[in-house]
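# A structural walkthrough
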Amino acid sequence: MAKVKHESRWYPLESGESVLDGLLRQGVSVPHSCRAGACQSCLMKAVGGAVPQAAQVGLKETLVAQGYFLACTCRPPEGTELEVAGAEALRVPARISSLSFLAPDVLRVRLVTDAPFDYRAGQYVSLVREDGLARSYSLASLPREDALELHVRVIPGGAMSGWLAAEAPLDQRVFLQGPAGSCFYVAGRPDQPLLLAGTGTGLAPLYGIVRDALEAGHTGPIWLFHGARTPAGLYLRDELRQLADRHPQLRYRPGVLAGGTRDIAEGPLDALIRAECPKPVGWRAWLCGDPQLVLSLRKKLFLAGLSLKDLHADSFLPSTPQVGASPAAAGAR
Amino acid sequence: MSTAGVAKSVYEQIGGEPAMAAAVEVFYRKVLADDRISHFFEDVDMERQAAKQKAFLTMVTGGPSSYSGRDMRAGHAHLVKLGLNDMHFDAVVGHLKETLEELNVPAPLVQRVLTIAEGARADVLNR
Ligand SMILES: Cc1cc2nc3c(=O)[nH]c(=O)nc-3n(C[C@H](O)[C@H](O)[C@H](O)COP(=O)(O)OP(=O)(O)OC[C@H]3O[C@@H](n4cnc5c(N)ncnc54)[C@H](O)[C@@H]3O)c2cc1C
Ligand code: HEM
Ligand code: FES
């Protein structure tokens, strides 16, 4: 049996159980969302004992060195005794400075932190509410801008998105954890063709990355594909058109599944990409948003010749309810 | 081969670890594009799969690898339950051959690699 010590109490883990599941099962509150190692909401720190390497995959070197790990992917072998603490020390206080709709179901949330917040355009943060509810969102802003900007898709019944859309007041205090992720522009090859693709709020990180690349003086072609079900979901269209007018190397390509027009292509995103970028050998690409789409595009672009090291992807994995939790409890989280 | 102890491994001759990265991409692309076997290799985490392809290529080219025949049995047992058979094995070996040829590995070395791969057949297919 492995056991975990948290705030001076020991909690036994069942065989093969993750630290996250074991603590939640025994009533300890730990922020979490995807339960799949993708959102980093469940970050914890090992203050005694060793965590399996698998629990630190995707974490920054500096966090690994300090013993941080992801509780949802941490399954200590039998006999392990692990002492853990929350990641409160990494949380930065912030307040909501503006809330406005960019599309009927897309909310723009602007946040101001008390202290400077260091990040690269396109990375994501964990937004933590005062009661511990945590969800990850990509940054659409640039570090030089005053506020951090998130694009949040409002999901009916969504704990965080519903709260932001209907209840959260301006100046509401929240916490940010992060930034994380490797979806950002890398300077050094200004003429390399770039491909950015996403659906829905998958545009958020791309909006940061594309502006970052242009400001860094990128001269090679930059393709930006944004997909939505209908034209109503294609937000920031005017801004992106104007950006493309000012920068001829930027090719903005909005696409929808239904209701295309002269300016908006109709068809699945992968078909639009294949038609315009048939041979992306030597390119760099960023894929963000719906997990299914990211997965299938990643495979298609790899098969079309893009190298894995030049393929950056952020899947917006949804939250996963706790196994065995009552629906009411899951909803309350 | 009597000179095996003296001769460099194919792994070293084709450029060691740095050359592996290129070989993995070429090989993984072939495997993923082959409908007969791609379902064995589809993984939400392409990096993790690529790392496994690298372990495979390192092993069959005689690079630093610590897998035993028993590891090979255990590592593929769940795939045999899913129907892994000689046809799939031959397909993988075919892609291995093409990959090495595309990377301009001389024919005698390719042959050596294929012999090592063939030697793993019984373990991989759990026979
Ligand atoms: C790395 C990362 C980056 C992310 N970036 C963004 C971002 O920039 N913008 C953004 O809007 N979201 C982003 N997400 C998703 C975000 O973290 C939340 O999962 C999402 O906002 C839903 O949270 P919620 O609390 O509102 O809904 P929840 O209360 O978690 O979910 C309510 C119900 O809706 C279901 N559900 C959740 N999401 C979806 C969906 N997409 N489609 C269908 N059903 C769903 C859930 O399974 C649940 O049953 C990101 C996720 C990750 C892992
Ligand atoms: C020449 C014979 C083969 C050798 C030497 C070999 C070698 C290996 C090695 C070393 C690994 C372990 C990687 C790791 O987990 O670190 C592995 C995993 C794997 N092999 Fe093979 N392999 C062979 C044939 C095949 C064939 C024919 C298939 C299917 C068509 C196959 C499918 C897989 C898969 C899917 C995995 C990953 C399993 C998992 O998800 O854990 N292999 N192989
Ligand atoms: S990374 Fe652990 S809950 Fe998302």
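This structure is a prediction, so every number in the text was calculated from the model and none was measured. (Residues numbered from 1 in each chain as written. Chains lettered and ligands numbered in written order. Predicted model: local features only at pLDDT ≥ 70, side-chain atom pairs only at ≥ 80, totals over all residues. Heavy atoms only, no water.)

Residues and elements named next belong to chain A. Contacts to ligand 1 come from 21 residues, most closely from Ser136, Tyr137, Met160, Ser161 and Ser319. One nitrogen or oxygen atom from the main chain of Ser138 is found 3.0 Å from an oxygen atom belonging to ligand 1. Counting only elements with at least two residues in the shell around ligand 1, the list comes to β9 (134-138), β10 (148-153) and α3 (159-166). Looking at which element gives the most residues to the shell around ligand 1, the answer is β9, with four residues. (Near = heavy atom within 4 Å. Polar contact = N/O pair within 3.5 Å; in protein donor to acceptor, adjacent residues only side chain to side chain. Helix = DSSP H or I, 4+ residues; strand = E, 2+ residues; numbered from the N terminus.)

For the iron atom of ligand 2, the protein supplies a single donor, His76 of chain B (NE2), at a distance of 2.1 Å. On the secondary structure map, His76 of chain B appears in helix α5 (residues 69-81). (Donors = N, O, S within 2.8 Å, 3.2 Å for Na, K, Ca; no water.)

Take the packing of helix α4 (residues 203-215) of chain A against helix α5 (residues 237-246) of chain A next. Residues and elements named next belong to chain A. As a packed pair, α4 and α5 sit with axes 12 Å apart at the nearest point and diverge in direction by 20 degrees. As summarised for this structure, α4 and α5 are arranged roughly parallel, according to the angle between their axes. Two packed elements cross with a definite hand, and for α4 against α5 that hand is left-handed. Of the residues in α5, those in contact with Leu203, Tyr207, Val210, Arg211 and Leu214 of α4 are Glu239, Leu240 and Leu243. Considering only residue class, the contact of α4 with α5 consists of six nonpolar, no polar and two charged. (Axes fitted to C-alpha atoms, helices over the stretch in contact; angles between N-to-C directions. Parallel < 35°, antiparallel > 145°, perpendicular 65-115°, else oblique. Left-handed = near helix turned anticlockwise from the far one by under 90°. Contact = heavy atoms within 4.5 Å. Nonpolar A, V, L, I, M, F, W, Y, C, P; charged D, E, K, R; others polar.)

Attention now goes to the pairing of strand β6 (residues 92-103) of chain A. Residues and elements named next belong to chain A. One ladder, built from four bridges, connects β6 with strand β11 (residues 173-180); its direction is antiparallel. Across the sheet, residue Ala94 finds its bridge partner in β11, namely Val174. The pairing of β6 with strand β7 (residues 106-113) spans eight bridges and is classified as antiparallel. Bridge pairing in β7 places Phe101 opposite Leu107. Taken together, β6 and the strand that follows it, β7, pair antiparallel across an intervening segment of two residues. (Pairing = 2+ DSSP bridges.)

Moving on: the side chain of Thr201 of chain A. Looking at the element boundaries, Thr201 of chain A is found in the loop between β12 (194-199) and α4. Those residues in contact with Thr201 of chain A, other than ones at most four positions away along the chain, are Val106, His151, Val152, Arg153, Tyr235 and Phe316 of chain A.

With that out of the way, let us pick up the sheet that holds strand β14 (residues 250-256) of chain A. Residue and element names in this part refer to chain A. Pairing is parallel across the open sheet formed by six strands, whose spatial order is β15-β14-β13-β12-β16-β17. For this open sheet the edge positions go to β15 (265-266) and β17 (311-315), each flanked by a neighbour on one side alone. In the sheet, β14 pairs with β15 via two bridges, with the strands oriented parallel. Across the sheet, the residue bridging to Gly255 is Ala265, located in β15. Relative to the sheet, α4 contacts β12, β13 (222-228), β14 and β16 (284-289), its axis offset from that of β12 by approximately 160 degrees.

A few words now on the interface of chain B and chain A. On the side of chain A, ten residues touch chain B, which itself brings eleven residues to the contact. Each partner contributes to the roughly 990 Å² buried at the junction of chain B and chain A, and carbon and sulfur atoms together form 62% of this total. The largest share of the area that chain B buries against chain A comes from Glu25, Arg29 and Met46 of chain B, three residues that together contribute 56% of it. For the interface between chain B and chain A, the tally reads one salt bridge. With a shortest N-O distance of 2.8 Å, Arg298 of chain A and Glu47 of chain B are connected by a salt bridge. For the interface between chain B and chain A, the tally reads six residue pairs in polar contact (both at pLDDT 80 or more). (Buried area = accessible area lost by both parts, 1.4 Å probe. Salt bridge = Lys/Arg side-chain N within 4 Å of Asp/Glu carboxyl O.)

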